[in-house]
Amino acid sequence: MLKLLCLLSLTGAIGGAVAQTGLAPKKFSSIPLGNINPTGWLMDQLKVQTNGLAGHEHEFYDYVSQTDWTGGPSYYSNLEEAGSYWFNAMIPNSVLVNNSVIYQKTLDFLNYVLDHQDTTGWLGPEVGTTKPRYLWGRYPFMFGAIQLTEVDPSLTDRVVTALHTFVELANTMLKAGQGVEAWTATRWEDFVMALQWLYDFHPNGKEDLLIDTMKRLKWSGVPWEKVFSEEYFPTTAVENTPNPFGLPLTWHGVNMAEGLKALPSTYRFTHNQSDLDAASKGWDLLFQYHGRPSGIFAADEYLAGLEAVRGTELCLVVETMFSGSYLYQVIGDPKFADRVERITYNALPATLTGDMWSRQYLQQQNQIAAKNMNPNPFPNDGAYSNVFGLEPNYPCCTVNHPQGWPKFISNAFLTTPDQKSLIHLYLGPFSTKITLASSNRVSATVDTLYPFSDTLTTTITASKSFTYFVRIPGWVSGGTIAVNNGHAQPVRPVSGLHAVSINAGTTKFTLNLPAPITIESRPHGSVAVHRGPLHYALDIAHNQTVLTRNSQQPLAVDLEFDATAAWQYAIDPSTLKFSTTASSSAKLPSPVFDSGKPPLIITANACPIAWPVAGDTFVSQPPTSPACTGAETTITLRPYGSTKLRIGEFPVFKSS
């Protein structure tokens, strides 16, 4: 089926005439790495990551410390993604926390790879070996190399020359049907994005070759416009559903998370609005049928539907964040930014321990244990998948997860294509410095505890007047802005962005972005609880057992968590009450995404119910209209991202 689709499409796409040439502009432009920095609690969170597993992998974790990308013996598959995943993630991490040791490791990685590019143009650990040559593992390397040129422009000529040489080889391989296996066929969009960076900034007279290679990548890969169409999109968990294309990896969670970028990247060279329409519709279908209150979607290897015990892979979380940022830049729909922010502040921290030394492979909405599960609710993943550890189930998330926070930060501000305006996209504590059009030097500092507070104070200094835009999330109700100590006025966002007129000199404004408690309907009559960007869950008290400890790094442990308190409750949604102990001048605890640490709670009237488990490892579906088995009580819900065992989808009852 894939070969037939490719043949038909290739004939039309490459052989036929097109009405428009070149690349269509994005709605918004990204800002080079290093110009946007975290402050406050967000800087602390990135330091926690750097002091945890991510920042020490180069010292002891074989797939990094002995990676074959730099001449070592270690790799975990012929996809050759381990080293390049780490490289792509730790460049922005090291830059944003100013860690010179890790930054130098990434420079050494780059130099080794470029020094060993062979005479054919091939880049990577296959050089000088008989290993198969698949294109995919190079794509994270390209993303990393591009980021390094943003930080150190003196690297640009060398990187650009190497990439152009590789593109010539890749184009020849694609013409010969080489370099594409099943995984590469799903992830072609990442190479297209790297090619578009070359086209936009360093075409070197090779525009036709770059466009031709983009087209060949698309038509040698899976047809994402069909995968994301309503006609073919699966509306339930897929383990018992035949794939209509004979391409089961199109329903693989990480492939789908990366594939979300395919149609917006395609639009740039096709100029077809239908590509953007299909991308937007596919996003909606994915979350309608497989979405989670934590913002992410479920795929315990493959799409997993709506049941609260099914899993979501950590790689999927960080890839969806990155894809959502790109979708916003190309399309400009605020729904992408709203969801990325929700994923970042809920699903991402929930699947790592507070100190970020241990991570899961799969997280669950209703997670009553994290242990070697028998039985196991994941049809295609192992019993160890929700253990918090060094590399539970598969090693990919160990090397890939560190991109999540840094790339969220580096995409928090954008510019308009004419470079005249600055857009603050993701809300949180940041600072940025940039020179806009007409040599307008601008700095912006955002002082806030958001998402643990509704208030953000922004101070902007500019050499010339301009229009600044700030995103107002869709969950805000009654938001106000007060400029230069003036009276608070209602925010009036257009397409999610509120415009602020900035004069030369210093401008200071305060946003107040309150949000009501909202209830999300979930399967079996259950509900999930939200306020603003945060999802709230019952934080189940638990004990901790060390299952194994790495011999080289004793902080790298595999942990079992078992509940030590009751969790079998129904709640009355009409009784929910929000409260906070945070003041605008408060300093949040570190790490903030740990049990009991966030200064926000929601209380609910609840009653104990009969709610069975499967073995002692996972909970059954929420019972519909359960009877209370004991006296009513009050339970406390806390931000989902701080919970490691939890109930996030509750049965309901009516309190007396």
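Just so it is clear, the model here is predicted, and its values are computed rather than measured. (Residues numbered from 1 in each chain as written. Predicted model: local features only at pLDDT ≥ 70, side-chain atom pairs only at ≥ 80, totals over all residues. Heavy atoms only, no water.)

**Quick notes on the side chain of Ser 84**
Okay, so step 1: Along the chain, Ser 84 falls in helix H5 (residues 82-97).
Okay, so step 2: Residues within four places of Ser 84 in sequence aside, it is in contact with Trp 69, Phe 109, Gly 137, Pro 140 and Phe 141. (Helix = DSSP H or I, 4+ residues; strand = E, 2+ residues; numbered from the N terminus. Contact = heavy atoms within 4.5 Å.)

**Overview of the packing of helix H6 (residues 100-115) against helix H7 (residues 138-151)**
Okay, so step 1: For the pair H6 and H7, interaxial distance at closest approach is 11 Å and the crossing angle is 115°. Our pair here, H6 against H7, has a crossing hand that is left-handed. Here Tyr 103, Thr 106, Leu 107, Phe 109, Leu 110, Val 113 and Leu 114 of H6 come into contact with H7, specifically with Phe 141, Ala 145, Leu 148 and Val 151.
Okay, so step 2: Of the residues contributing to the contact of H6 with H7, the split by class is 10 nonpolar, one polar and no charged. (Axes fitted to C-alpha atoms, helices over the stretch in contact; angles between N-to-C directions. Left-handed = near helix turned anticlockwise from the far one by under 90°. Nonpolar A, V, L, I, M, F, W, Y, C, P; charged D, E, K, R; others polar.)

**Points about the pattern of salt bridges**
Okay, so step 1: Enumeration according to the criterion identifies 24 salt bridges in this entry.
Okay, so step 2: One salt bridge in this structure joins Lys 206 and Glu 168, with 2.9 Å as the shortest N-O distance. Of this pair, Lys 206 sits in the loop between helix H10 (188-201) and helix H11 (207-219) while Glu 168 sits in helix H8 (residues 156-175), and the two are 38 residues apart along the sequence.
Okay, so step 3: The exposure class assigned to Lys 206 is partly exposed, which follows from its relative accessible area of 26%. (Salt bridge = Lys/Arg side-chain N within 4 Å of Asp/Glu carboxyl O. Buried < 20%, exposed > 50% of the residue type's maximum accessible area, 1.4 Å probe, protein only.)

**A look at the sheet that holds strand S15 (residues 497-502)**
Okay, so step 1: With mixed pairing, the four strands of this open sheet are ordered in space as S7-S8-S12-S15. Only two strands of the sheet have a single neighbouring strand rather than two, namely strand S7 (413-415) and S15. The mean angle between the axes of side-by-side strands here comes to 25°, regardless of whether they run parallel or antiparallel.
Okay, so step 2: Relative to S15, strand S12 (residues 466-471) runs antiparallel, the two being bridged by six bridges. Looking at the pairing, Val 470 lines up with His 498 of S15. (Pairing = 2+ DSSP bridges.)

**Focus on empty space enclosed by the protein**
Okay, so step 1: Within the structure shown, the criterion is met by four cavities of 30 Å³ or more.
Okay, so step 2: Looking at the largest cavity, its volume works out to about 70 Å³.
Okay, so step 3: Lining the largest cavity are 15 residues, and of these Tyr 450, Asp 454, Arg 531, Gly 532 and Pro 533 sit closest to its centre.
Okay, so step 4: Here the residues of the lining of the largest cavity are counted per class, giving 11 nonpolar, two polar and two charged.
Okay, so step 5: Lining the second largest cavity are Tyr 85, Asn 88, Trp 136, Pro 140, Phe 143, Asp 190, Glu 258, Glu 319, Phe 322, Asn 400, Gln 403 and Lys 407.
Okay, so step 6: Taken together, the elements giving at least two residues each to the lining of the second largest cavity come down to H5, H7 and helix H16 (314-331). (1 Å grid on protein atoms, 1.4 Å probe; cavity = no way out; pocket = protein on both sides within 12 Å on 5 of 7 lines; lining within 4 Å. Points joined across faces, edges and corners; volume = space filled by probe spheres on them.)

**Quick look at unusual backbone geometry**
Okay, so step 1: Following Tyr 450, the chain continues into Pro 451 via a peptide bond in cis, with omega recorded as 10°.
Okay, so step 2: Assignment of secondary structure puts Pro 451 in the loop between strand S10 (440-448) and strand S11 (455-462).
Okay, so step 3: Residue Ser 590 is joined to Pro 591 through a cis peptide bond whose omega torsion reads -5°.
Okay, so step 4: Residue position: Pro 591 is located in the loop between strand S23 (577-580) and strand S24 (600-608).
Okay, so step 5: Unusually for a residue other than glycine, Met 356 sits at a positive phi of about 60°.
Okay, so step 6: Among the structural elements, Met 356 can be located in the loop between helix H18 (347-350) and strand S5 (362-364).
Okay, so step 7: Relative accessible area serves as the criterion here: at 3%, Met 356 is assigned to the buried category.
Okay, so step 8: At His 524, a residue that is not glycine, the phi angle is positive and equals roughly 65°.
Okay, so step 9: Tracing the backbone through its elements, the reader meets His 524 in the loop between strand S17 (517-521) and strand S18 (527-531).

**Focus: the packing of aromatic side chains**
Okay, so step 1: Taken as a whole and assessed by the stated rule, the structure comprises 38 aromatic pairs.
Okay, so step 2: Plain terms: the ring middles of Trp 405 and Phe 593 are 6.0 Å apart, the flat faces sit at 35° to each other, and that makes the pair tilted. Of this pair, Trp 405 sits in helix H20 (residues 404-410) while Phe 593 is found in the loop between S23 and S24, placing the two residues 188 residues apart along the sequence. Summarising the burial analysis for this pair, Trp 405 and Phe 593 share the class buried.
Okay, so step 3: Cluster of aromatic residues (ring-pair linked, three or more members): Trp 41, Tyr 345, Trp 405, Phe 408, Tyr 426, Tyr 450, Phe 452 and Phe 593. (Phe/Tyr/Trp six-rings, centres within 6.5 Å; stacked < 30°, edge-to-face > 60°.)

**Concerning the confidence of the model for the protein chain**
It should be kept in mind that the predicted coordinates are not to be read in detail where pLDDT is low.
Okay, so step 1: In the predicted model, the protein chain carries a mean pLDDT of 95, and the fraction of residues at 70 or more is 97%.
Okay, so step 2: Predicted confidence for residues 1-19 stays below pLDDT 50, and this span has 24 contacts to residues more than four positions away or in other chains. (pLDDT = per-residue confidence, 0-100.)

**Things to note about helix H17 (residues 334-345)**
Okay, so step 1: The end-to-end C-alpha distance of H17 is 17 Å, a good match for the 16 Å that 12 residues give at a rise of 1.5 Å each.
Okay, so step 2: When you tally the buried positions in H17, you get nine out of 12 residues, the bulk of the element.
Okay, so step 3: Looking at where H17 begins, the residue whose side-chain oxygen comes 3.0 Å from the main-chain nitrogen of Lys 335 is Asp 333. (Expected span 1.5 Å × (residues − 1). Polar contact = N/O pair within 3.5 Å; in protein donor to acceptor, adjacent residues only side chain to side chain.)

**Let's talk about the packing of H10 against helix H14 (residues 262-270)**
Okay, so step 1: One way to put it is that H10 packs onto H14 with a least axis distance of 9 Å and a crossing angle of 35°. In this structure, H10 crosses over H14, and the sense of that crossing is left-handed. On H14, the residues that touch Trp 188, Glu 189, Val 192, Met 193, Gln 196 and Asp 200 of H10 are Ala 262, Ser 265, Thr 266, Arg 268 and Phe 269.
Okay, so step 2: Residues that form the contact of H10 with H14 fall into these classes: five nonpolar, three polar and three charged.

**Quick word on the state of the cysteines**
Okay, so step 1: A complete count under the given rule lists one disulfide for this structure.
Okay, so step 2: Sulfur-sulfur distance for the disulfide between Cys 607 and Cys 628 comes to 2.0 Å. The S-S bond linking Cys 607 to Cys 628 shows a torsion near -80°; that makes this disulfide left-handed. In this pair, Cys 607 sits in strand S24 while Cys 628 sits in the loop between strand S26 (618-619) and strand S27 (633-639), placing the two residues 21 residues apart along the sequence.
Okay, so step 3: The exposure class of Cys 607 is buried, given its relative accessible area of 0%.
Okay, so step 4: Note on Cys 315: no disulfide assigned, nearest cysteine sulfur contributed by Cys 397 at a separation of 3.1 Å.
Okay, so step 5: For the unlinked cysteine Cys 396, the closest cysteine sulfur is that of Cys 315, found at 3.9 Å. (Disulfide = S-S within 2.5 Å.)

**Description of the sheet that holds strand S21 (residues 557-563)**
Okay, so step 1: Strand order in the open sheet formed by three strands is S6-S21-S20, and the pairing between neighbours is antiparallel. Two strands lie at the open edges of the sheet, namely strand S6 (369-370) and strand S20 (542-549), each paired on one side alone.
Okay, so step 2: Relative to S21, S6 runs antiparallel, the two sharing two bridges. The residue of S21 that forms the bridge with Ala 370 is Phe 561.

**A look at the layout of surface pockets**
Okay, so step 1: Taken as a whole, the largest pocket holds about 990 Å³ of empty space.
Okay, so step 2: Lining the largest pocket are 33 residues, and of these Lys 26, Ser 30, Glu 150, Trp 197 and Phe 201 sit closest to its centre.
Okay, so step 3: Contributions of two or more residues to the lining of the largest pocket are made by H7, H10, H16, H20 and strand S9 (430-436).
Okay, so step 4: When its residues are assigned to classes, the lining of the largest pocket shows 14 nonpolar, 14 polar and five charged.

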